[in-house]
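# An overview of the molecular structure
The residues making up each chain are set out below.
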Amino acid sequence: MKQLRSRIFTLFSLVLLAAVALTGCAPVAAPPAAGTGSDAAPAATSAPAEETSSTVTIGMNELVTSLDPPTDWAIAATWIHMNMFDCLVWRDRETAEFEPWLAESYENIDAQTWRMKLREGITFHNGEEFNADAVVWTFQRILDDETMITHRQWTFLESIEVLGPYEVEIRTTAPEPAFLSKMSGTGCGIQAPIAGQEQAASGAEYTPVGTGPFKFVEWVKDDSITLAANEEYWQGAPAIDTLIWRSIPEVSTRVANLLTEDVDLVVSVPAQDWDRVNENEGTSVEQFLTTQVMLLAMRVGPSTPNAEWSGITEDVRIRQAISYAIDRELLIELIGGMGIPVQSRITPPTMGWRDDYINSLGEYNPDRARELLAEAGYDGSPLTFHASTSWIYQKEVAETLTAMLQEVGLNIDLQVMDVTTFREQIYFPYQNDELYMDALGNSFFDPWITVLSERSDRRERSGWAGPLADEADTLIREAAVDMDPASREEKYKRIQELINEDAVNVYLYQMYDTVGLNERLQWSPPLDGFLWMGNATLE
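Quick summary incoming for the structure in this document.

Parameters at a glance
- Residues numbered from 1 in each chain as written.
- Predicted model: local features only at pLDDT ≥ 70, side-chain atom pairs only at ≥ 80, totals over all residues.
- Heavy atoms only, no water.
- Helix = DSSP H or I, 4+ residues; strand = E, 2+ residues; numbered from the N terminus.
- Rg over C-alpha atoms; globule rule 2.2 N^0.38 Å.
- Buried < 20%, exposed > 50% of the residue type's maximum accessible area, 1.4 Å probe, protein only.
- Contact = heavy atoms within 4.5 Å.
- Lys, Arg positive; Asp, Glu negative; His and termini not counted.
- Charge placed at Lys NZ, Arg CZ, Asp CG, Glu CD.
- Patch = residues over 30% accessible without salt bridge, like charges linked within 9 Å, V, L, I, M, F, W, Y side chains within 5 Å.
- Areas by Shrake-Rupley, 256 points an atom, 1.4 Å probe, with all protein chains shown as cover.
- Salt bridge = Lys/Arg side-chain N within 4 Å of Asp/Glu carboxyl O.
- Arc of directions from axis to C-beta.
- Polar contact = N/O pair within 3.5 Å; in protein donor to acceptor, adjacent residues only side chain to side chain.
- Expected span 1.5 Å × (residues − 1).
- Axes fitted to C-alpha atoms, helices over the stretch in contact; angles between N-to-C directions.
- Parallel < 35°, antiparallel > 145°, perpendicular 65-115°, else oblique.
- Left-handed = near helix turned anticlockwise from the far one by under 90°.
- Nonpolar A, V, L, I, M, F, W, Y, C, P; charged D, E, K, R; others polar.
- Pairing = 2+ DSSP bridges.
- Right-handed = clockwise from strand over helix to strand, strands pointing away.
- Core = buried A, V, L, I, M, F, W, Y, C linked by side-chain atoms within 4.5 Å.
- Disulfide = S-S within 2.5 Å.

### A look at the overall build of the chain
Scanning the chain for helices and strands turns up 15 helices and 19 strands. A compact globule built from 539 residues should have a C-alpha radius of gyration of about 24 Å, and the chain, at 24 Å, falls within 12% of that. In the chain, which comprises 539 residues, the proportion classed as buried is 57%. When contacts within the chain are restricted to residue pairs at least 6 apart in sequence, those whose partners lie at least 24 apart make up 71%. Positive and negative side-chain charges in the chain, numbering 37 and 84 respectively, have mean positions lying 6 Å apart.

See below:
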């Protein structure tokens, strides 16, 4: 193991030296290109606003694949969408408590019925009135379109009855303990119905029209998204006049742009750049613990989108060997302490978190891994390992995991892809092979979303089957309708055990993340790092 550690750290040191060198000489990204040509989405106004001192630019590792909230649930996309839209209910990003948003108030009538009184006097960005009809259209549209990635997330809704222009009654298909969590989840942004219907009828590319603090101006795909302040925002006009989201996938370029004041905020500043950013006049780094858990997901069997798949990880002994081969302590060292070792995706303060799975290294036992591979009759066939460069140190962690797995005798075909390719070719179409690595968050702050992918009808990526999978399916379905919090919590604790026992996922660490800020932008990351700029101020 000492030899392995030496080899890994030699490799990582070279990577860090290269990163530092690149940061020092990286070219500054060009300003966003004009929205002309086939790659530009329709503009909501005639031209982007001229950059002024009240313009804020955010350097992102990725942008969106769609401007339509129910069709893209990547974390970065959700952040961008929710600066243009509002939901009926929202989480206070500092306390994680629910609060009325477009709904002025809500009342739980019974286990399956909620009544919501809507705020009056709110208009969409195009002047349409926000009312009960907009609520019905927004959610019915998702329920009617099975191609939307969030469709099944919203099938808990049975009906939405209009009681008056500003009052709706929502019925769920079953008792729904996570109702408020789901109503504030991905795709919850209420959309302007008249504009939406006209776009659908014409076949035009979707243009977002919400009630949020910022209005859509322009999207230059793979480059930038420009938004303008909604001066009529119901919570008060934002201090930022123009908000630009710029795609800067390369971390060294993001940092260079921050240091030269070409951007005001960048995500995921690596540790080797903290001193440079903090010592630079007018910039600083803020660190926070996210809800995102970096994990290694395994395909156990075929699934509907990948029906012909067969592979080495069908054997539970292979999956368990992979789990035993991973040294979380070394991974935490590798990422410079930018994470907490975990064995679950359910983390505090979410219901069901287990003390024995949080800040826990798990069992690292490479000898047992080799024994299991021998018992399984492993013949050296390659295992495909997909990863992207979306997250801080993700490429280096993927390379280190590959070295750990190869050390116990596995033949790993690591394929590190750019973010767009990974999302479009692997993640969204469920075309993952034996292994893939990603970070998944939980802005719902409820455990239902963390285990949903292992319900029997949601296993497109895992193909999980067998007795433990059947027990997990039963518990997931029971917990989803269990109105007793204590009973529900115990079910989620058992589900975590089952996933770990069958080694469907290997959870690595709960991520710390950082943002780099220009001091003129007065904003701090909340509990889940949500980039909502409606409350930001400028010096």
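### Looking at a negative patch on the surface
Residues Glu261, Asp262, Glu281, Glu519 and Glu539 make up a contiguous surface patch of negative charge. For Glu261, the position within the fold is in the loop between α6 (251–259) and β11 (265–267).

### Describing helix α8 (residues 316–324)
Every buried residue belonging to α8 is among Ile318, Arg319, Ala321 and Ile322, and all of these are buried. End-on, the buried residues of α8 take up no more than an arc of 160 degrees, which puts them together on one face. Among the residues of α8, the N-terminal cap falls to Asp315, whose side-chain oxygen and the backbone nitrogen of Arg317 are separated by 2.8 Å.

### A short note on helix α3 (residues 132–144)
Taking 1.5 Å of rise per residue, the 13 residues of α3 would be expected to cover 18 Å, and the 18 Å separating its terminal C-alpha atoms lies within 8% of that figure. Those residues of α3 lying buried are Ala132, Ala134, Val135, Trp137, Thr138, Phe139, Arg141 and Ile142. Residues of α3 that are buried in the fold lie against β5 (113–118), β6 (157–164), β7 (167–172), α4 (179–183) and α5 (193–202). The distance from a side-chain oxygen at the start of α3 to the backbone nitrogen of Asp133 is 3.1 Å, and the residue carrying that oxygen is Asn131.

### A word on the packing of α8 against helix α10 (residues 366–375)
Following both chains from N to C, one finds α8 and α10 inclined at 165 degrees, their axes separated by 8 Å at the closest point. Judged by the angle between their axes, α8 and α10 are roughly antiparallel. In this structure, α8 crosses over α10, and the sense of that crossing is left-handed. From α8, Arg317, Ile318, Gln320, Ala321 and Tyr324 reach across to α10, where they touch Pro366, Arg368, Ala369, Leu372, Leu373 and Glu375. Looking at the contact of α8 with α10 residue by residue, the classes come out as 7 nonpolar, 1 polar and 3 charged.

### Description of the pairing of strand β14 (residues 382–388)
Of all 7 residues in β14, 6 are buried; the element is thus mostly enclosed. Summarising the sheet, β14 and strand β15 (residues 411–417) pair through 7 bridges and their orientation is parallel. Looking at β15, one finds that His386 is bridged to Gln415. One crossover worth recording links β14 to the parallel β15 by way of helix α11 (residues 394–407), and it is right-handed. In this structure, β14 lies alongside strand β16 (residues 435–440), joined through 2 bridges in parallel fashion. Each residue of the ladder has a partner; that of Phe385, found in β16, is Leu435.

### A look at the sheet that holds β6
Ordered in space as β4-β5-β7-β6, the 4 strands form an open sheet in which the pairing is antiparallel. Edge positions in the sheet fall to β4 (103–110) and β6, since each has one partner strand and no second. Shown here is a sheet whose adjacent strand axes are inclined to one another by a mean of 20 degrees, direction ignored. Direction of pairing for β6 relative to β7: antiparallel, over a ladder of 6 bridges. Considered in β7, the bridge of Gly164 is made with Glu167. Taken strand by strand, α3 contacts β5, β6 and β7, and its axis lies near 165 degrees from that of β6.

### Some details on the pairing of strand β10 (residues 242–247)
Buried residues dominate β10, accounting for 6 of its 6 residues. Side chains of β10 alternate between two faces, with Thr242, Ile244 and Arg246 and Leu243, Trp245 and Ser247 buried alike. For strand β1 (residues 55–60) and β10, the ladder comprises 6 bridges, and the chain directions are parallel. Pairing of Ile58 across the sheet is with Trp245, part of β10. Of the pairings in the sheet, the one linking strand β9 (residues 224–229) to β10 comprises 5 bridges and is antiparallel in character. When the sheet's bridge partners are listed, Leu227 is paired in β10 with Leu243.

### Notes on the pattern of salt bridges
Applying the stated rule across the entire model yields 25 salt bridges. With a closest N to O distance of 2.9 Å, Lys491 and Asp482 form a salt bridge. Residue classification places Lys491 among the buried positions, given a relative accessible area of 15%. Under the relative-accessibility criterion, Asp482 is labelled buried at 13%. Look at the salt bridges and you will find they share partners, linking Arg354, Asp356, Glu471, Arg494 and Glu497 into a network.

### Some remarks on unusual backbone geometry
Residue Pro349 is reached from Pro348 by a cis peptide bond, and omega for that bond is 10 degrees. Its place among the elements puts Pro349 in the loop between β13 (339–341) and α10. You will see that Asn359, though not glycine, has its phi angle at about 55 degrees, which is positive. With respect to the helices and strands, Asn359 occurs in the loop between β13 and α10.

### Some thoughts on the nonpolar core
The nonpolar side chains of a soluble globular protein tend to be buried, and buried together. Counting residues in each nonpolar core, the largest one holds 70 residues, and the members touching the most others are Leu88, Phe130, Phe139, Trp245, Leu265, Leu531 and Met533. For this core, the leading source of residues is α3, giving 5 residues. For Phe139, the residues in contact, after removing those within four places along its chain, are Leu88, Trp154, Leu157, Ile160, Met183, Cys188 and Ile190. Counting 40 residues, the second largest nonpolar core, distinct from the first, contains Leu330, Leu373, Leu435 and Ala439.

### What to know about the side chain of Gln191
Within the fold, Gln191 resides in the loop between α4 and α5. Within the structure, the side chain of Gln191 is placed 2.3 Å from the side chain of Tyr206, a separation counted as a polar contact. Each residue touching Gln191, except ones within four places of it in the same chain, is listed here: Asp68, Pro69, Pro70, Phe85, Phe124, Ala134, Trp137, Thr138, Arg141, Tyr206 and Val209.

### Here's the deal with the state of the cysteines
Under the definition given, this model contains 1 disulfide. Between the sulfur of Cys87 and that of Cys188 lies a disulfide, 1.8 Å long from S to S. Across the S-S bond of Cys87 and Cys188 the torsion is about 60 degrees, and the bridge reads as right-handed. Residue Cys87 is located in the loop between α2 (75–81) and β2 (89–91), and its partner Cys188 is located in the loop between α4 and α5; the two are separated by 101 residues in the primary sequence. Both residues of the pair, Cys87 and Cys188, belong to the buried class.

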